[in-house]
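Listed below, chain by chain, are the residues.
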Amino acid sequence: MLATLILFLGLPLALAIEPQSCAPLIPVTFDNSTIPQLLGQWFYIAGASSYPSHLAELRAVTFEAFSFSPGNHEDELNINEIIRMNETCVVRNSSKVQVFQQNSTLMHVDDNEVASMVRLIQSDKDLLILNHVNIDFPNLSLSARTPNVSKEHMEEFKAHLQCLGFTEEEVFYTSTEHACPLPRDEDNADPQLG
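Owing to the predicted nature of the structure, the values given are computational and were not obtained by experimental measurement.

What to know about the state of the cysteines
- Applying the stated rule across the entire model yields two disulfides.
- Here Cys22 connects covalently by a disulfide to Cys163, the sulfurs 2.1 Å from one another. Between Cys22 and Cys163 the disulfide shows an S-S torsion of about -90 degrees. By sign, it is left-handed. With Cys22 in the loop between α1 (2-16) and α2 (34-38) and Cys163 in helix α4 (residues 151-163), the pair connects residues that are 141 residues apart, well separated along the chain.
- With a relative accessible area of 44%, Cys22 lands in the partly exposed category.
- Sulfur-sulfur distance for the disulfide between Cys89 and Cys180 comes to 2.1 Å. Across the disulfide from Cys89 to Cys180, rotation about the S-S bond amounts to roughly -95 degrees, and the bridge is consequently left-handed. Here Cys180 lies in the segment after β9 (171-173) and Cys89 lies in strand β4 (residues 88-100), a separation of 91 residues in the sequence.
- When its relative accessible area of 33% is taken as the criterion, Cys89 is described as partly exposed.

Brief notes about the packing of aromatic side chains
- According to the stated counting rule, one finds three aromatic pairs in the structure shown.
- A centroid spacing of 5.3 Å and a plane angle of 45 degrees characterise the contact between Tyr51 and Phe137, whose relative ring orientation is tilted. Of this pair, Tyr51 sits in the loop between β1 (40-49) and α3 (52-60) while Phe137 sits in the loop between β7 (127-132) and β8 (139-144), and the two are 86 residues apart along the sequence.
- With relative accessibility at 28%, the residue Tyr51 sits in the partly exposed group.

Here we look at the nonpolar core
- Counting residues in hydrophobic clusters, the biggest one holds 21 residues, and the most contacted among them are Ile45, Phe63, Leu142, Phe157 and Leu161.
- Residue assignment for this core shows that the elements contributing at least two residues are β1, β2 (61-70), β7, β8 and α4.
- For this core, the leading source of residues is β1, giving four residues.
- Filtering out sequence-adjacent residues up to four positions away, Phe157 remains in contact with Ala46, Gly47, Ile129, Leu140, Ser141 and Leu142.
- In terms of nonpolar packing, the next biggest core, distinct from the first, is built from 19 residues, Trp42, Tyr44, Ile79 and Leu120 among them.

Structural notes on the pairing of strand β6 (residues 113-121)
- Sheet analysis places strand β5 (residues 105-110) next to β6, joined by six bridges and oriented antiparallel. Opposite Leu106, over in β6, you have Val118 as the bridge partner.
- Looking at chain direction, β6 and β7 are connected through four bridges and run antiparallel. In the strand pairing of β7, Arg119 is matched with Asn131.

A closer look at the pattern of salt bridges
- Tallied over the full model, the rule gives two salt bridges.
- Its salt-bridge partner being Lys125, residue Asp126 comes within 3.4 Å of it at the nearest N-O pair.
- For Lys125, a relative accessible area of 57% translates into the label exposed.
- With a closest N to O distance of 3.9 Å, Glu168 and Lys158 form a salt bridge. Taken together, the residues span a long stretch of sequence, with Glu168 in the loop between α4 and β9 and Lys158 in helix α4 at a distance of 10 residues.
- The exposure class of Glu168 is partly exposed, given its relative accessible area of 43%.
- The exposure class assigned to Lys158 is partly exposed, which follows from its relative accessible area of 33%.

Conventions and cut-offs
Residues numbered from 1 in each chain as written. Predicted model: local features only at pLDDT ≥ 70, side-chain atom pairs only at ≥ 80, totals over all residues. Heavy atoms only, no water. Disulfide = S-S within 2.5 Å. Helix = DSSP H or I, 4+ residues; strand = E, 2+ residues; numbered from the N terminus. Buried < 20%, exposed > 50% of the residue type's maximum accessible area, 1.4 Å probe, protein only. Phe/Tyr/Trp six-rings, centres within 6.5 Å; stacked < 30°, edge-to-face > 60°. Core = buried A, V, L, I, M, F, W, Y, C linked by side-chain atoms within 4.5 Å. Contact = heavy atoms within 4.5 Å. Pairing = 2+ DSSP bridges. Salt bridge = Lys/Arg side-chain N within 4 Å of Asp/Glu carboxyl O.

Shown next, in the form of structure tokens:
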């Protein structure tokens, strides 16, 4: 009887605090417009990973801007990166991205070695939410066309992270306080951020 009473009284409370439902991370299906939309400047905003070798880099990166430009082949993009790792700004121009239209994945190749394989989880044309798929550890990153994102976009990203089991302490953010000088070109009138 006591067990039935506890169950009866506790059931409404248990139902009221039902955990947030997690929508699956649905990748963008690539079409002819996908790759041209990726071209241009992006800013890395935040990331989380349980993959040990990625954690060290996430902790060290305090700012990152990168741009995609057309590669030598139609299924290839060049990446130019400007990264502040700890106190040093580093420029990397040796990376490429191989585009696999058939399974909507992007493979990052650095110095002729596969660095990562990702699927694009995009809710907005000015956001890149990347889900790393070639490892057995959850890994998600957020980049945007501007160095800041709206509160709604950040909350969406944090909800994805929570569904993957990450806590706020496991998320690493960049800051424009640590910005490196950016190259000047037609699309970027200001050569520096901060």
